[in-house]
Amino acid sequence: MGLRQRVWHASYELLGARVKQPEWAFMNYGYAPVEPGGEPLALDPADEPDRYCIQLYAHVLDGVDVEGADVLEVGSGRGGGASWVSRALHPRSTTGVDFAASAVALSTRERRRPGLTFVHGDALALPFPDESVDVVVNVESSHCYESMEAFVGQVHRVLRPGGIFVWADLRNADSVEATRAHLTSSGLVPEREDDITADVLNAMRLDDERKAGLVRAWIPRPLRAPMKSFAGLEGTRNPRGFASGERRYLSARLVRPA
C-alpha cells in the first residue's frame, strides 16, 4: 500500500471507529439534476434523508438491469449504497468491499439483509474469483486509489463477459483525459459518459444544512474542521473547485465485451 492509500486508509478507519451512528450511511456528495425531468425517484420514508446520495447511485445505474444479477460495490464505505441497491433493485446478491475494516464491521452489523454481505479488501487486489460478478459499482471512491489502471484491471478480471462497470468520481479538470484513458486501459468499452459537475454541486448546496447539522451533532469538536472539508460543506475546497471549473465530477458506464 502506497503513502496516498495509507493516508486514506487511516482516515476511513478513524471515521468507522469514532462515528458509530448507523444513520450515517453514505459519504458521497449526492446528485440533484439542475434540470429535473420526469417523476422523482421513489424512496422508502426511511431513505428520504439520504435522497441526494441515493440519487447518485440511481444515476450511475440508470439503464442497467440489476434484477437477478450478482453486484459488487467497490468502496462500499458505511454500506448505505449497497443496502439501497439490494433493497430497491432486487439483485441476486450484493457484496460491498472496503479497505477500512471498521467500515466493514459497521456495515455488517447495521445493514443486514438476505443476499447482502460486506468484505474487507483492497480495490487493487479484489478478493474475488475471475468472472464472478455481473455488475461492479464504484461511487466516489477511486480518487483514493494508488493506481486507477490497476483498479480497472481488477474490475475487468472479476466481471463476467458482458458485465457492466458503473463509476462516478471527482477529478481535477486537467486530469479528465487521463481518467478516460484509465477507464478503458484494460479493454472495457464505454457505453456512456456524463459530466455531472453541476448536478453534484446542486446536491451539495441543497444538502448543506443537513450535513452541517450532522457534523455538529456527531463529530467531536477537534475533528469538525477537516470533516467539513471531507463532507464538501459550503466554502470548502471541492465545492469551490466545482463552481470555478477547476474540478469536475464525471460518471461513466462501461462493458466488458462478451
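Residues numbered from 1 in each chain as written. Predicted model: local features only at pLDDT ≥ 70, side-chain atom pairs only at ≥ 80, totals over all residues. Heavy atoms only, no water.

Peer 1: Got a sec to walk through the layout of surface pockets? Specific residues and values, please.
Peer 2: What the second largest pocket holds in volume is close to 360 Å³. Lining the second largest pocket are 15 residues, with Tyr 31, Pro 33, Glu 39, Leu 41 and Gln 55 positioned closest to its centre. Counting residues per element, the lining of the second largest pocket draws most heavily on helix H2 (residues 51–60), at 4 residues. Grouping the constituent residues of the lining of the second largest pocket by class yields 6 nonpolar, 4 polar and 5 charged. (1 Å grid on protein atoms, 1.4 Å probe; cavity = no way out; pocket = protein on both sides within 12 Å on 5 of 7 lines; lining within 4 Å. Points joined across faces, edges and corners; volume = space filled by probe spheres on them. Helix = DSSP H or I, 4+ residues; strand = E, 2+ residues; numbered from the N terminus. Nonpolar A, V, L, I, M, F, W, Y, C, P; charged D, E, K, R; others polar.)

Peer 1: Go over the sheet that holds strand S1 (residues 70–74) with me, naming the residues and quoting the values.
Peer 2: Pairing within the open sheet is mixed, and its 7 strands lie in the order S3-S2-S1-S4-S5-S7-S6. Since the sheet does not close on itself, it has two edges, and those belong to strand S3 (116–120) and strand S6 (189–195), each with one partner. Each strand axis lies, on average, 15 degrees off the axis of its neighbour in the sheet, ignoring direction. Here strand S2 (residues 93–98) runs beside S3; their pairing, made up of 5 bridges, is parallel. Residue pairing for S3: Val 97 is matched across the bridge by Val 119. In the packing of helix H4 (residues 101–110) onto the sheet, contacts are made with S2 and S3, and the angle to S3 comes to roughly 165 degrees. (Pairing = 2+ DSSP bridges. Axes fitted to C-alpha atoms, helices over the stretch in contact; angles between N-to-C directions. Contact = heavy atoms within 4.5 Å.)

Peer 1: I'd like a description of empty space enclosed by the protein, backed by residues and values.
Peer 2: Tallied over the full model, the rule gives 3 cavities of 30 Å³ or more. Only helix H8 (208–218) and helix H9 (224–230) provide two or more residues apiece to the lining of the largest cavity. With 5 residues, the single largest contributor to the lining of the largest cavity is H8. The volume enclosed by the second largest cavity comes to roughly 40 Å³. Lining the second largest cavity, in full, are His 59, Val 60, Arg 192, Asp 194, Ser 251, Ala 252 and Arg 253.

Peer 1: So what's going on with helix H10 (residues 237–244)? Residues and values would help.
Peer 2: Of the residues making up H10, those classed as buried are Asn 238, Pro 239, Gly 241 and Phe 242. An end-on view of H10 places all buried positions within 160 degrees of arc, on one side of the element. In H10, the exposed positions that point more than 90 degrees away from the buried face belong to Arg 237 and Ala 243. (Buried < 20%, exposed > 50% of the residue type's maximum accessible area, 1.4 Å probe, protein only. Arc of directions from axis to C-beta.)

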